[in-house]
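# Observations on the three-dimensional arrangement
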2 protein chains.
Amino acid sequence: MTRSAPAGSAVIPGAISWIAVDWGTSRLRVFAMDANDRPIASASSDKGMGQLSRDAFEEALAELVSGWLADGPRPMIACGMVGARQGWIEAAYGPVPGPALSETGLVRAPATDPALALRILPGLAQQEPADVMRGEETQIAGFLSAHPGFDGLLCLPGTHSKWARLKDDQVLSFRTYMTGEMFALLSGHSVLRHSLAAAADMSETSGSRFVEGLDRARALRGNLSADLFSIRARGLLQGFTPVEAFDYLSGLLLGAELTAAAETDADLPVALIGSGPLGARYRQALGHFGRDAAMMDTTDATLAGLTAACHTLKEAGEWPAI
Amino acid sequence: MTRSAPAGSAVIPGAISWIAVDWGTSRLRVFAMDANDRPIASASSDKGMGQLSRDAFEEALAELVSGWLADGPRPMIACGMVGARQGWIEAAYGPVPGPALSETGLVRAPATDPALALRILPGLAQQEPADVMRGEETQIAGFLSAHPGFDGLLCLPGTHSKWARLKDDQVLSFRTYMTGEMFALLSGHSVLRHSLAAAADMSETSGSRFVEGLDRARALRGNLSADLFSIRARGLLQGFTPVEAFDYLSGLLLGAELTAAAETDADLPVALIGSGPLGARYRQALGHFGRDAAMMDTTDATLAGLTAACHTLKEAGEWPAI
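An account of the accompanying structure is given in this report. Nothing here was measured: the structure is a model prediction, and the numbers come from that model. (Residues numbered from 1 in each chain as written. Chains lettered and ligands numbered in written order. Predicted model: local features only at pLDDT ≥ 70, side-chain atom pairs only at ≥ 80, totals over all residues. Heavy atoms only, no water.)

Here we come to the interface of chain B and chain A. It is common to report an interface's size as the accessible area lost on association of the parts. Facing the 45 residues of chain B at the interface are 45 residues of chain A. Summing both partners gives a buried area of about 3700 Å² for chain B against chain A, and 60% of it is carried by carbon and sulfur. Remark: the boundary between chain B and chain A carries two salt bridges. The shortest N-O distance in the salt bridge between Asp227 of chain B and Arg175 of chain A comes to 3.9 Å. Viewed at the interface, chain A and chain B are joined by 12 residue pairs in polar contact (both at pLDDT 80 or more). At eight residues, helix α5 (residues 229–238) of chain B tops the list of elements feeding residues into the side of chain B that touches chain A. (Contact = heavy atoms within 4.5 Å. Buried area = accessible area lost by both parts, 1.4 Å probe. Salt bridge = Lys/Arg side-chain N within 4 Å of Asp/Glu carboxyl O. Polar contact = N/O pair within 3.5 Å; in protein donor to acceptor, adjacent residues only side chain to side chain. Helix = DSSP H or I, 4+ residues; strand = E, 2+ residues; numbered from the N terminus.)

Listed below in structure tokens is the structure:
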């Protein structure tokens, strides 16, 4: 069941208890939450961290939430790249191993209008191998609030996919895979762009070429360096269609990620936080590699994580102080 | 010894016996050759195949060679992407296994001025695994004319590196590695662009991080999917400098290529066609992996290959007919 509220829906400000903010590199999404921590309205814009100078964050937030604050301020809490060094204000990383939501490191954004002084959750940093996340730690916390004590691997697909090893409600370790960004670079900016269908023209996966790519990546143990160009050559020599090429490249890249991620902890259960076609591809790929994974919706996980952060603040007596 | 002539040097048209043309995706280079097949002048422009519509090739060529044709036409022969489907005119691929310079497939470009009717050499195509080359086959022919009977692997670094298995003066098989393009994409367009020095700011390789990247790629057996993002994280967490990051990424990508290319034919000698900093990096990487490689200069190889093509045409009685 997805808890996402319809975008732009009218809502009575008095029904809003707090505001959840998911502020990534490319998108800003806000959710009006009721007293039962359910979203009753949502809005979004393309004013992600990557598009904003430091002094533009407050206005970008005001654009989406000011209507909800008509009868007074509400506590607001955010996760994501808004807390990066290049964001509104830096929220220091919490350590790994450790809890998904660090008990220290929460910061208040400096705002001209005190009603817009957003709380921002810290990300997580791992020293060896060096790795960082911002935003996914909140989804992990949301997943753990729904599945307390989960002992296994959690996969979070995206531009930079994360794989986290969870145990005893802690993040023991994690790794980042640039799979989504690599697909975007290869399909949009490399010589392969001539060979691939646009994502918008992909209705459903063709299936067989995707699976062929998965199997090929596994056979190559994830070393794709000699195989990427074959997509171009198969188009020139063998009539490989743009849809087939898209699916094959997708299979190769996901297959390399899964081959690396599955090398350790081969016997542990795997769960997935995902949605839409990308979530479906990961689920299919995991199933093909014999790792059937339960999937939690991405927005549900984010809202559950922000809710968990609210409850922690309440227990510490720091909520709902605006 | 490099045979390259100084660019733009004045030359007496009567001393020119024929004209060698290296016409790739991004550059057009022409060489005035004397009766002993030595370059006595050269010129170049950025009018590569990728920048030209079909009707713009003749003028792009005329711009560089018309001064050399003052007292009459000269035979001209070209290799490279000028013969691609999107080029001036398509020169069909020769088969692999087979000779580097196919005896069929040479085409004449359609030109308004008959003096500009360039001969274009075909590329090579391999059916399984599917692969193609255009331009490198001429360098291979040039290498074989200097090293007849070479039995081993020939590595041709570039945007799309090629590795060819040579024996009995034939190309038995080859593979393409998108290493150079991948480096350009990751360093110029991915999240790693924030972490890497610009190529122009790299005077010499720092050495140690390059070797660390090579070793890491080998340890990962070339599956880089979990390791690329660590470059960003090491910059954020561990003070990894932009020069170190450049060298490490270069090492990772070359290491993955060499790991894949070395999996077969581990006992065969390796030779290299290269020049400049890229050639030096490949030579260092091959040496680090225990494959010391003799290196032939890229331009020398191209001119030797075009010269070999001229001689073949002469023996067939088709040269120097303009």
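Rotating chain B by 180° and moving it 0.0 Å along the rotation axis overlays it on chain A with an RMSD of 0.1 Å. Considering both components of the superposition, the chain copies are consistent with a two-fold axis. Relative to the rotation axis, the closest C-alpha in chain B is found at Asn223 of chain B, a distance of 2.2 Å. Looking at chain B, 100% of its interface residues are interface residues in chain A too, so the copies touch through the same face. (Least-squares fit on C-alpha atoms with pLDDT ≥ 70 in both.)

Looking now at the pairing of strand β4 (residues 76–79) of chain A. All names here are of chain A. Burial of β4 is two-sided: the residues Met76 and Ala78 facing one way and the residues Ile77 and Cys79 facing the other way are all buried. As judged from the four bridges shared by strand β1 (residues 18–23) and β4, these two strands associate in the parallel manner. What sits directly across from Ala20, in β4, is Ile77. As judged from the two bridges shared by β4 and strand β7 (residues 119–120), these two strands associate in the parallel manner. Of the residues in β7, the one forming a bridge with Ile77 is Arg119. (Buried < 20%, exposed > 50% of the residue type's maximum accessible area, 1.4 Å probe, protein only. Pairing = 2+ DSSP bridges.)

If you trace the backbone, Gln139 of chain A turns up in helix α2 (residues 136–146). Setting aside chain neighbours within four positions, we find Gln139 of chain A in contact with Leu156, Ile273, Thr298, Ala301 and Thr302 of chain A.

This next bit is on helix α8 (residues 298–315) of chain A. Residues and elements named next belong to chain A. End to end, α8 covers 26 Å across 18 residues, agreeing with the expected 26 Å (1.5 Å per residue, within 8%). Counting buried positions along α8 yields 14 of 18 residues, so the element is predominantly enclosed. The opening residue of α8, the one whose side-chain oxygen lies 3.0 Å from the backbone nitrogen of Thr299, is Asp297. Where α8 terminates, the next one or two residues include Gly317, which has phi positive at roughly 75°. (Expected span 1.5 Å × (residues − 1).)

Now for the sheet that holds strand β9 (residues 131–133) of chain B. Reading across the sheet, the three strands line up as β5-β8-β9 (chain B) and stay open at both edges, with mixed pairing between neighbours. Strands with a single pairing partner mark the edges of an open sheet, and in this sheet they are β5 (94–95) and β9 of chain B. Pairing of strand β8 (residues 124–126) of chain B with β9 of chain B involves three bridges; the strand directions are antiparallel. Among the inter-strand pairings, Leu124 of chain B is bridged to a residue of β9 of chain B, identified as Met133 of chain B. Here helix α5 (residues 229–238) of chain A sits on the sheet in contact with β8 and β9 of chain B, set at roughly 90° to β9 of chain B. (Axes fitted to C-alpha atoms, helices over the stretch in contact; angles between N-to-C directions.)

Taken as a whole and judged by the stated rule, the model has 28 salt bridges over all chains. Measuring nitrogen to oxygen at the nearest pair gives 3.1 Å for the salt bridge that ties Arg234 of chain A to Glu212 of chain A. With Arg234 of chain A in helix α5 and Glu212 of chain A in helix α4 (residues 208–219), this residue pair connects regions lying 22 residues apart in the sequence. Classification of Glu212 of chain A as partly exposed rests on a relative accessible area of 27%. Measuring nitrogen to oxygen at the nearest pair gives 3.6 Å for the salt bridge that ties Arg38 of chain B to Asp34 of chain B. Classification of Asp34 of chain B as buried rests on a relative accessible area of 12%. Beyond isolated ion pairs, a larger network of salt bridges with shared partners links Asp131 and Arg175 of chain A together with Arg216 and Asp227 of chain B.

On to the pairing of strand β10 (residues 152–156) of chain B. Residues and elements named next belong to chain B. Within β10, five of the five residues are buried, leaving the element largely enclosed by the surrounding structure. Relative to strand β11 (residues 161–167), β10 is paired through five bridges, and the arrangement is antiparallel. Bridge pairing in β11 links Leu154 to Ala164. With antiparallel pairing between neighbouring strands as the criterion, β10 and β11 make up a hairpin whose turn holds four residues. Where β10 and strand β13 (residues 270–274) come together, three bridges link them in parallel fashion. Bridge pairing in β13 links Cys155 to Leu272.

For any pair of aromatic rings, the description consists of the separation of the ring centres together with the inter-plane angle of the planes. Overall, the coordinates contain 14 aromatic pairs over all chains when judged by the stated rule. Ring geometry for Phe240 of chain A and Tyr248 of chain A: centres 5.9 Å apart, planes at 80°, overall edge-to-face. Assessed through its relative accessible area of 8%, Phe240 of chain A is described here as buried. Here the aromatic cluster, defined as three or more aromatic residues joined through ring pairs, consists of Trp23, Phe57 and Trp88 of chain A. Note that Arg234 of chain A overlies the ring of Tyr248 of chain A, its terminal NZ or CZ placed 5.0 Å from the centroid. The ring of Tyr93 of chain B is capped by Arg134 of chain B, whose NZ or CZ atom sits 4.4 Å from the centre of that ring. (Phe/Tyr/Trp six-rings, centres within 6.5 Å; stacked < 30°, edge-to-face > 60°. Lys NZ or Arg CZ within 6 Å of the ring centre and 35° of its normal.)

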